[in-house]
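Each chain, letter by letter, is given below.
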Amino acid sequence: MDIKKSILKETVDRGNTPIPVYIYHQIQNKYILYLHWHNEIEMIYIERGSLIFTVDMVPIKVSEGQCIIINSGQLHSAHYTDDAVSIHHALLFELNFLSSTDYDYCQKKYIDPLLNAEYKFPLVVDEKSGWGQSVIKEFKKALKICDLKEQGWEIGIKASLYKIIFLIAHSDMFVKEKNTSSSNYKINLIKKSLHYIQSNYFKKIYIDDIAKEVNLNPQYFCKFFKANIGKTPVDYINQYRIGQAAKMMRMNDKKISEICFDVGFENFSYFIKKFKQYKGYTPGVYRYTR
């Protein structure tokens, strides 16, 4: 079963920018990034603390001084390792931004293999290694350019991204595609399950319907989902709904009770309980403190 990525990618408003490059900075304790995927390449540098990332169902700890690179289409999530504050910085960019209008040798040898997933960026870059130190130095430079947005910043970002690709290629650190058909099959099932949830979170969702969507027995589907995602389908649905509710609170002045029902909860008290469980605050406190 092959699933078209165009209907499964994360639909997040990246804000207004003239080029497909986006950054964010996080200073937070108990940080959680819920399972999702997107078309952009994402580079995340850990300045302080450590996080456990799960990339295509494989967990990996990324600590201070390291950078993780999420390739296009990879399922990924992250969570904190302790209660200490973690600081990390992320840069997302679309590979097409680096494509040449006129087809040239660089496009053929470097950009096309990345676009076609024949090659992937290395998963972890460590500044303790020579090449890793150079990549992270350039990454920090790109962040600064994007933060300041001074005259010519758009071409500066593009130059930095080309420099990062050069540094990785020069050290022969691009990874050849190694996914097995079995691994791809599981990832596609998960993507299709998540797509169903994300497309129907605002109404009542039955486990039987999700299982039917991926052609699995409901009981087996629940075991499969928990084994690969680390939480039950109900837990994931609740967390996703709370995430959507939090976004709505930041974007509009709707009553919290209205938002509760807009995201699919049928009981206001249960909504408040789950919101506090996942966000650490009641909805009212969250709205005025975040």
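Because the structure is predicted, anything quoted here is derived from the model rather than measured.

Asks: What exactly am I supposed to notice about the pairing of strand 3 (residues 41-48) here?
Replies: Every regular strand shows the same layout, with side chains that alternate between the two sheet faces. Of all eight residues that make up strand 3, six are buried, and the element is covered over most of its length. Where strand 3 lies against strand 8 (residues 86-93), seven bridges are found, and the strand directions are antiparallel. Its bridge partner being in strand 8, Met43 is matched across the sheet by Leu91.

Asks: What exactly am I supposed to notice about the pattern of salt bridges here?
Replies: Side chains carrying opposite charge are able to pair once their charged atoms draw close together. Inspection of the entire model under this criterion finds three salt bridges. Between Glu138 and Lys163 there is a salt bridge, and its shortest N-O distance comes to 3.7 Å. Residue Glu138 is found in helix 2 (residues 130-148), and its partner Lys163 is found in helix 3 (residues 153-170); the two are separated by 25 residues along the sequence. Glu138 gets classed as buried once you look at its relative accessible area, which sits at 9%. Relative accessible area serves as the criterion here: at 36%, Lys163 is assigned to the partly exposed category. Across the pair Lys204 and Glu266 runs a salt bridge, and its minimum N-O distance is 3.9 Å. Here Glu266 lies in the loop between helix 8 (256-262) and helix 9 (268-279) and Lys204 lies in the loop between helix 4 (181-200) and helix 5 (207-213), a separation of 62 residues in the sequence. On the basis of relative accessible area, Lys204 is assigned to the partly exposed category, the value being 46%.

Asks: Would you mind showing me how to read the environment of Tyr80 here?
Replies: As for its position among the elements, Tyr80 is in strand 7 (residues 76-80). Residues Tyr80 and Glu138 lie 58 residues apart in sequence; the distance between their C-alpha atoms is 26 Å. Residue contacts for Tyr80: discarding those within four places in its chain leaves Lys30, Tyr31, Ile32 and Leu51.

Asks: For this particular structure, what's the right way to read unusual backbone geometry?
Replies: Glycine aside, the phi torsion of most residues is negative, and most peptide linkages are trans. The residue Lys149 is not glycine, and still its phi comes out positive at about 50°. With phi around 55°, Asp172 is a residue other than glycine that occupies positive phi space. Along the chain, the position of Asp172 falls in the loop between helix 3 and strand 11 (175-176).

Asks: Help me understand helix 7 (residues 233-251), please; the structure alone is not making it clear to me.
Replies: For an α-helix the count is 3.6 residues per turn, leaving residues at separations of three or four pointing the same way. Compared with the 27 Å implied by 1.5 Å per residue over 19 residues, the 27 Å span of helix 7 between its first and last C-alpha is a close match. Within helix 7, 14 of the 19 residues are buried, which leaves it mostly tucked inside the rest of the structure.

Asks: Honestly, the packing of helix 7 against helix 9 in this entry has me stumped. Any pointers?
Replies: Describing two packed helices takes the angle between their axes plus the distance from one axis to the other. Where helix 7 contacts helix 9, the two axes come as close as 10 Å, and the packing angle between them is 90°. Taken together, the axes of helix 7 and helix 9 lie roughly perpendicular to each other. Residues Asp235, Asn238, Gln239, Ile242, Ala245, Ala246 and Met249 of helix 7 form the contact with helix 9, whose own contacting residues are Tyr270, Phe271, Lys274, Phe275, Tyr278 and Lys279. A breakdown of the residues in the contact of helix 7 with helix 9 according to their chemical character gives eight nonpolar, two polar and three charged.

Asks: Even after reading the chapter, I still don't get the sheet that holds strand 7, so can you show me in this structure?
Replies: In a beta sheet, neighbouring strands pair by backbone hydrogen bonds and run either parallel or antiparallel. Pairing is antiparallel across the open sheet formed by four strands, whose spatial order is 2-7-4-5. Sheet topology places strand 2 (32-36) and strand 5 (58-63) at the edges, where each strand pairs with a single neighbour. The average angle at which neighbouring strand axes cross in this sheet is 25°, direction not considered. As paired elements, strand 4 (residues 50-55) and strand 7 share five bridges and run antiparallel to each other. Looking at strand 7, one finds that Phe53 is bridged to Ala78.

Asks: Which parts of the structure should I look at to understand the nonpolar core?
Replies: Soluble, globular proteins show a tendency: their nonpolar side chains are buried together. Judged by nonpolar contacts, the single largest core of 36 residues is most densely connected at Leu194, Val263, Phe271 and Phe275. Residue assignment for this core shows that the elements contributing at least two residues are helix 4, helix 5, helix 6 (218-229), helix 7, helix 8 and helix 9. Per-element accounting of this core gives the leading share, eight residues, to helix 7. If near-sequence neighbours (up to four positions away) are discounted, Val263 is found in contact with Tyr201, Phe202, Arg241, Gln244, Ala245, Met248 and Phe271. Among the nonpolar cores identified, the runner-up in size contains 32 residues, and Val125, Ile157, Ile164 and Ile168 belong to it.

What counts and how
- Position labels on residues start from 1 in each chain and follow its written sequence.
- In keeping with the predicted nature of the model, local features appear solely for residues at pLDDT of at least 70, side-chain atom pairs appear and are counted solely at 80 or more, and the whole-chain, interface and lining totals rest on all residues.
- Each side-chain value is derived from all of the structure's non-hydrogen atoms; neither hydrogens nor water enter the calculation.
- Only protein chains enter the accessibility calculation, which uses a 1.4 Å probe; a residue whose area is less than 20% of its type maximum is buried, one above 50% is exposed, and one in between is partly exposed.
- Secondary structure elements follow DSSP: runs of H or I no shorter than four residues count as helices, runs of E no shorter than two count as strands, and numbering proceeds from the N terminus.
- DSSP-based pairing: two strands are paired if at least 2 bridges between them are found.
- By definition, a salt bridge exists where a carboxyl oxygen of Asp or Glu is found within 4 Å of a side-chain nitrogen of Lys or Arg.
- Contacts were defined at the residue level, with two residues in contact if any of their heavy atoms lie within 4.5 Å.
- To estimate how far a helix should extend, the number of its residues minus one is multiplied by 1.5 Å.
- Between N-to-C directions, angles span 0 to 180 degrees; the directions come from axes that are lines fitted to C-alpha atoms, helices contributing only their stretch in contact.
- An angle below 35 degrees is treated as roughly parallel, one above 145 as roughly antiparallel, one from 65 to 115 as roughly perpendicular, and anything else as oblique.
- In this count, Pro and Cys sit with the nonpolar residues alongside Ala, Val, Leu, Ile, Met, Phe, Trp and Tyr, while Asp, Glu, Lys and Arg are called charged and the others, Gly among them, polar.
- By nonpolar core is meant a set of buried Ala, Val, Leu, Ile, Met, Phe, Trp, Tyr and Cys residues that side-chain atoms within 4.5 Å join together.

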